[in-house]
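# Coordinates in review
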Amino acid sequence: MKIAAAVIVALCAASSAARAESWTTYRIVESGTAVDIPTSVFTEPAGKPDGYGERFRNSDGSADLTVQAVPDQGLSPAEFLARKNPPSGMVYKRITPKFFVVSSIKRGAIWYDRCNFSRRYVHCVLINYPAAEKRQWDRIVTRISHSLSGG
């Protein structure tokens, strides 16, 4: 009986991330940016970022997703990232000639940024979500990250 109660509590406490069933491709027409986003998770518009794109959040406000494209200024991925002044102590950092991915934990939330570089634009996704829900978010973050593309 105790096990059954624990399972029910765990299921009820699962975040909206665990219910990511409905996906769509979000496109930024001006830049050619495209990325898969879980519309069953990110249900609320949350404003506009710099450049082109949109910011979304989940219904309880504990997570947000920014899809963004900014004009390429001729910077390498490493230079572009350095100009953003990322916090020290990154948990994950990968920089190649065509993209970068960085991630860390700040105030109980994981932040994850990926930017792909094309001839005219830098195409980015920025995701923030509760660190306590990392396992529920891993699959979602991976799909979003791997689907990011741009013209």
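Residues numbered from 1 in each chain as written. Predicted model: local features only at pLDDT ≥ 70, side-chain atom pairs only at ≥ 80, totals over all residues. Heavy atoms only, no water.

## A closer look at the sheet that holds strand E5 (residues 64-71)
The 7 strands are arranged E3-E4-E5-E9-E8-E7-E6 in an open sheet whose pairing can be described as antiparallel. The strands lining the two open edges of the sheet, one partner per strand, are strand E3 (42-45) and strand E6 (92-95). In this sheet, neighbouring strand axes are inclined to one another by 20° on average, regardless of whether the strands run parallel or antiparallel. Where strand E8 (residues 109-117) and strand E9 (residues 121-130) come together, 9 bridges link them in antiparallel fashion. In the strand pairing of E9, Trp-111 is matched with Asn-128. Relative to the sheet, helix H3 (residues 134-147) contacts E3, E5, E8 and E9, its axis offset from that of E9 by approximately 170°. (Pairing = 2+ DSSP bridges. Helix = DSSP H or I, 4+ residues; strand = E, 2+ residues; numbered from the N terminus. Axes fitted to C-alpha atoms, helices over the stretch in contact; angles between N-to-C directions. Contact = heavy atoms within 4.5 Å.)

## Section: unusual backbone geometry
Positive phi is not limited to glycine here, since Asn-85 has a value of about 50°. Along the chain, Asn-85 turns up in the loop between helix H2 (77-83) and E6. Overall, the relative accessible area of 66% leaves Asn-85 in the exposed class. (Buried < 20%, exposed > 50% of the residue type's maximum accessible area, 1.4 Å probe, protein only.)

## What about the state of the cysteines?
Using the criterion set out here, one finds 1 disulfide in the structure. With its sulfur 2.1 Å from that of its partner, Cys-115 forms a disulfide with Cys-124. On the sign convention where negative means left-handed, the S-S torsion of about 115° between Cys-115 and Cys-124 marks this disulfide as right-handed. By the burial criterion, Cys-115 is buried, and Cys-124 matches it. (Disulfide = S-S within 2.5 Å.)

## Quick word on the environment of Gln-68
As for its position among the elements, Gln-68 is in strand E5. Discounting chain neighbours no more than four positions away, the residues touching Gln-68 are Ile-28, Pro-49, Asp-50, Tyr-52, Gly-53, Val-122, His-123, Cys-124 and Leu-126. At a separation of 3.0 Å, a polar atom in the side chain of Gln-68 contacts the main-chain carbonyl oxygen of Asp-50. (Polar contact = N/O pair within 3.5 Å; in protein donor to acceptor, adjacent residues only side chain to side chain.)

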